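Each chain, written out:
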Amino acid sequence: MIVISTTAVPDHVRGALTRWLIEPAPGLYVGTVSARVRDELWSALGACIADGAAVCLHPAENEQGFTIRTVGERRRHVADFDGLQLVRFLPEVPVQP
């Protein structure tokens, strides 16, 4: 099973994801696909992300049992800590008037 969450992606990307996955909530895609299909979807998503962002979780043979992938600019970044994937927050950038 894979889970992909998207933010501000173009409509054609959303359409492409719904060919393979279901969208139970806006921007959230869930499904069971092969590793090859998952990797191809992720490559296509990364190439068309524009100003949006996406995160993908899928099963993996590690201590956590899953892997996190991200693309696009987000405040949350995945950090590897001795083989564990943890999420860290970047500081907010103040808006200049």
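Residues numbered from 1 in each chain as written. Predicted model: local features only at pLDDT ≥ 70, side-chain atom pairs only at ≥ 80, totals over all residues. Heavy atoms only, no water.

Peer 1: I keep staring at the sheet that holds strand β5 (residues 66-72) and nothing clicks. Help me out?
Peer 2: The strands making up a sheet are joined through hydrogen bonds of the backbone, oriented either antiparallel or parallel. Ordered in space as β2-β3-β1-β4-β5, the 5 strands form an open sheet in which the pairing is antiparallel. Whereas interior strands pair on both sides, the edge strands pair on one side only; in this sheet they are β2 (22-25) and β5. Between one strand axis and the next, the sheet turns by 20° as a mean value, whatever way the strands run. Pairing of β2 with strand β3 (residues 28-31), which is carried by 2 bridges, proceeds in the antiparallel orientation. Opposite A25, over in β3, you have L28 as the bridge partner. (Pairing = 2+ DSSP bridges. Helix = DSSP H or I, 4+ residues; strand = E, 2+ residues; numbered from the N terminus. Axes fitted to C-alpha atoms, helices over the stretch in contact; angles between N-to-C directions.)

Peer 1: Explain helix α2 (residues 35-47) here, please?
Peer 2: Because an α-helix packs 3.6 residues into every turn, residues spaced three or four apart end up facing the same way. Over its 13 residues, α2 runs 18 Å from end to end, which matches the ideal 18 Å to within 8%, given 1.5 Å per residue. Every buried residue of α2 is listed here: V37, R38, L41, W42 and L45. Along the axis of α2, the buried residues cluster in a sector spanning 135°; they form a single face. Away from its buried face, by an angle of more than 90 degrees, α2 presents the exposed residues R36, E40 and A47. Considering only its buried residues, α2 is in contact with β1 (2-7), α1 (11-18), β4 (53-59) and β5. (Expected span 1.5 Å × (residues − 1). Buried < 20%, exposed > 50% of the residue type's maximum accessible area, 1.4 Å probe, protein only. Arc of directions from axis to C-beta. Contact = heavy atoms within 4.5 Å.)

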